[in-house]
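Observations on the model geometry
The chain contents come next:
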Amino acid sequence: MAWFDRPKYTIIKKTEKKDKIPEGMWLKCSKCGEVMLSKTLEDNLAVCPKCGLHNRIDATLRIAALIDEGTFTSMFENITTADYLEFPGYMEKIEKTKQKTGLSEAAVVGKGKIKGMAVALGVTDFSFLGGSLGAVMGERLTAIIELACEKEMPVIIVSGSGGGARMHEGIMSLMQMAKVSAALSRLADKRLPFISVMTDPTGGGVTASFAMLGDINIAEPGAHIMFAGPRVIEQTIRMKLPEGFQRAEYLLEHGMIDMIVKRTEMKEIIYSLLSDLMSVKTAK
């Protein structure tokens, strides 16, 4: 899975004057090599101010970037992982990942407000087993979509899942593709909007189901969006893939997504889109 690797950023080695430069104070962009204060990158939502590289961020920062401060309520945290297949070492891996990330699973869902507008939000996090789609992610996303149907709220799902369906859960993970898609169909019947935001990376069963079902599909610049990875495809078809294949810009050019939006502009754009979509629903 080397093609998933996109380092968040590179920490500059400390100079000999170790007592004057705190560790991690300076960072180096992994794409353009720009050296900057770590706070500069943090203030810009982990986007390089020089080259625009969108580094991966966790679910916590993603929620903070989209939702009005103090309005987000995390929900359905009681839905937790079960070892259906008694897969060797699976639960041990889950516990280690929980401790490492501070998350209970690969999806965080809840309700909050964007510029005062009530929304239902789901965020998947690559740092939790590649953001892989399992029973917990599927159930949490389905539950928050059903809540949105009940409360008549729009839905936003931000995908950062390069891990595909979780093999440790077998068919239980694969069925989540259909379950979440069916929930989104019920949302559409209610004439409530769903905006899908794809980040780096979005792949496998997530791409093949809910990530591509948005009324509006948005991607961050440079996001890797795919079903199978490029190495698998090249080995299968015995051909070299086009430059930029499976990147957001390529997908936009070929009609697979609707928009590419910078992370620093995402909240404003989503609010504008939802305002228009919800006003149409109200008018009818």
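Because the structure is predicted, anything quoted here is derived from the model rather than measured. Each residue is numbered by its place in its chain's sequence as written, counting from 1. Reporting of local features is limited, given that this is a predicted model, to residues whose pLDDT is at least 70; pairs of side-chain atoms are given and counted only at 80 or more, and all residues count toward the totals for whole chains, interfaces and linings. To get the side-chain values, all heavy atoms of the structure are used, and hydrogens and water are removed first.

Some points on the packing of aromatic side chains
Going by this rule: Aromatic rings from Phe, Tyr and Trp, taking only the six-membered ring of Trp, are treated as a pair when their centres fall within 6.5 Å; an angle between ring planes under 30 degrees marks them as stacked, one over 60 as edge-to-face, and anything in between as tilted. Working definition: with a 1.4 Å probe on protein chains only, accessible area under 20% of the residue-type maximum means buried, over 50% means exposed, and in between means partly exposed. Think of it as a cone above the ring: NZ of Lys or CZ of Arg counts as a charge over the ring if it is within 6 Å of the ring centre and within 35 degrees of the ring normal.
Taken as a whole and assessed by the stated rule, the structure comprises 1 aromatic pair. Judged by centre distance (5.4 Å) and plane angle (75°), the rings of Phe-245 and Tyr-250 are edge-to-face. Judged by relative accessible area, which is 22%, Tyr-250 ranks as partly exposed. Over the face of the ring belonging to Phe-126 we find Arg-56, whose NZ or CZ atom lies 4.4 Å from the ring centre. Across from the ring centre of Tyr-271, 5.7 Å away, lies the NZ or CZ of Lys-115, which sits over that ring.

Section: a nonpolar patch on the surface
For clarity, the cut-off: Residues qualify for a patch when their relative accessible area is over 30% and they have no salt bridge, like charges being joined within 9 Å and the nonpolar side chains of Val, Leu, Ile, Met, Phe, Trp and Tyr within 5 Å. Methods summary: accessible areas were calculated by the Shrake-Rupley approach with a probe of 1.4 Å, and residue burial reflects only the protein chains presented. Basic side-chain nitrogens of Lys or Arg form a salt bridge, by our definition, when they fall within 4 Å of a carboxyl oxygen of Asp or Glu. Counting from the N terminus, the helices are the DSSP runs of H or I reaching at least four residues and the strands are the DSSP runs of E reaching at least two.
Together, Met-25, Trp-26, Val-35 and Leu-37 give the surface a local cluster of nonpolar side chains, amounting to about 310 Å² of exposed area. Relative to the assigned elements, Val-35 resides in strand β3 (residues 35–37).

Observations regarding the sheet that holds strand β6 (residues 117–124)
Here is the rule: At least two DSSP bridges between two strands are required for those strands to pair.
With mixed pairing, the 7 strands of this open sheet are ordered in space as β4-β5-β6-β7-β8-β9-β10. Unpaired on one side and paired on the other, β4 (73–75) and β10 (259–260) mark the two borders of the sheet. Bridging between strand β9 (residues 216–219) and β10 involves 2 bridges; their strand directions are parallel. Among the inter-strand pairings, Ile-218 is bridged to a residue of β10, identified as Met-259.

Things to note about the pairing of strand β8 (residues 194–198)
To keep it simple, the criterion reads: If the strands point away from the viewer and the path from the first strand over the helix to the second runs clockwise, then the crossover is right-handed.
Of all 5 residues in β8, 5 are buried; the element is thus mostly enclosed. Burial along β8 is two-sided: the residues Phe-194, Ser-196 and Met-198 and Ile-195 and Val-197 are all buried. Both strand β7 (residues 155–159) and β8 contribute to a ladder of 5 bridges, which runs parallel. In the strand pairing of β8, Ile-157 is matched with Ser-196. Each parallel crossover has a hand, and for β7 linked through helix α5 (residues 171–189) to β8 it is right-handed. As judged from the 4 bridges shared by β8 and β9, these two strands associate in the parallel manner. Along β9, the bridge assignment pairs Ser-196 with Asn-217.

What to know about the pattern of salt bridges
Going through the model one piece at a time under the given rule, you end up with 15 salt bridges. A salt bridge links Glu-220 to Arg-263; the shortest N-O distance between them is 2.9 Å. Taken together, the positions of Glu-220 in the loop between β9 and α7 (230–237) and Arg-263 in the loop between β10 and α9 (266–283) put the pair 43 residues apart, joining distant regions of the chain. Residue classification places Glu-220 among the buried residues on the basis of a relative accessible area of 2%. Residues joined in a network through salt bridges with shared partners are Arg-56, Asp-200 and Arg-247.

Quick word on helix α4 (residues 135–151)
Here is the rule we go by: A helix is expected to span 1.5 Å for every residue after the first.
With 17 residues, α4 should reach 24 Å at 1.5 Å per residue; the first-to-last C-alpha distance of 24 Å fits that figure. The element α4 is extensively covered by neighbouring structure, given that 13 of its 17 residues are classed as buried. Glu-152 sits one or two residues past α4 and shows a positive phi near 55°.

Describing the nonpolar core
Within soluble globular proteins, side chains that are nonpolar generally end up buried alongside one another. Rules: Among the buried residues, those of types Ala, Val, Leu, Ile, Met, Phe, Trp, Tyr and Cys that are joined through side-chain atoms within 4.5 Å form a nonpolar core. A contact between two residues is defined here by any heavy atoms of the two lying within 4.5 Å.
Membership of the largest hydrophobic core comes to 58 residues, with the highest contact counts inside it found for Ile-145, Ile-156, Leu-187, Phe-210, Ile-218 and Ile-270. Among the elements that take part in this core, α4 stands out by supplying 7 residues, more than any other. Setting aside residues no more than four positions away along its own chain, Ile-218 makes contact with Ile-195, Ser-196, Val-197, Met-198, Met-259, Val-261, Met-266, Ile-270 and Leu-273. Core analysis: the next-biggest nonpolar cluster, separate from the first, contains 6 residues, Leu-27, Cys-29, Met-36 and Cys-48 among them.

Describing the environment of Ala-65
With respect to the helices and strands, the residue Ala-65 is situated in helix α2 (residues 59–66). Ala-65 sits 24 residues away from Gly-89 along the chain, and the two C-alpha atoms are 35 Å apart. Contact partners of Ala-65, with chain neighbours within four places excluded, come to Leu-45 and Lys-267.

Re the confidence of the model for the chain
Detailed reading of the predicted coordinates is not advisable wherever pLDDT falls low. Our working rule: Confidence scores here are pLDDT values: one per residue, from the predictor, ranging 0 to 100.
Summary statistics for the chain give a mean pLDDT of 91 and a share of 90% for residues scoring 70 or more. Counting interchain partners and residues more than four positions distant, the pLDDT-below-50 stretch residues 9–18 has 17 contacts.

A word on α2
The line we're drawing: Taking the helix axis as origin, the arc is that swept by the directions to the C-beta atoms. As used in this structure description, the phrase polar contact means that two N or O atoms lie within 3.5 Å; if the pair is within protein, one of them must be able to donate a hydrogen and the other to accept it, and residues adjacent in sequence are counted only when both atoms belong to side chains.
For α2, the full list of buried residues reads Ala-59, Arg-62, Ile-63, Ala-65 and Leu-66. Seen along its axis, α2 keeps its buried residues to an arc of 160°; they face one direction. Summarising the geometry of α2, the exposed residues directed more than 90 degrees from the buried face are Thr-60 and Ala-64. Where α2 begins, the side chain of Asp-58 points an oxygen toward the backbone nitrogen of Thr-60, at a separation of 3.2 Å.

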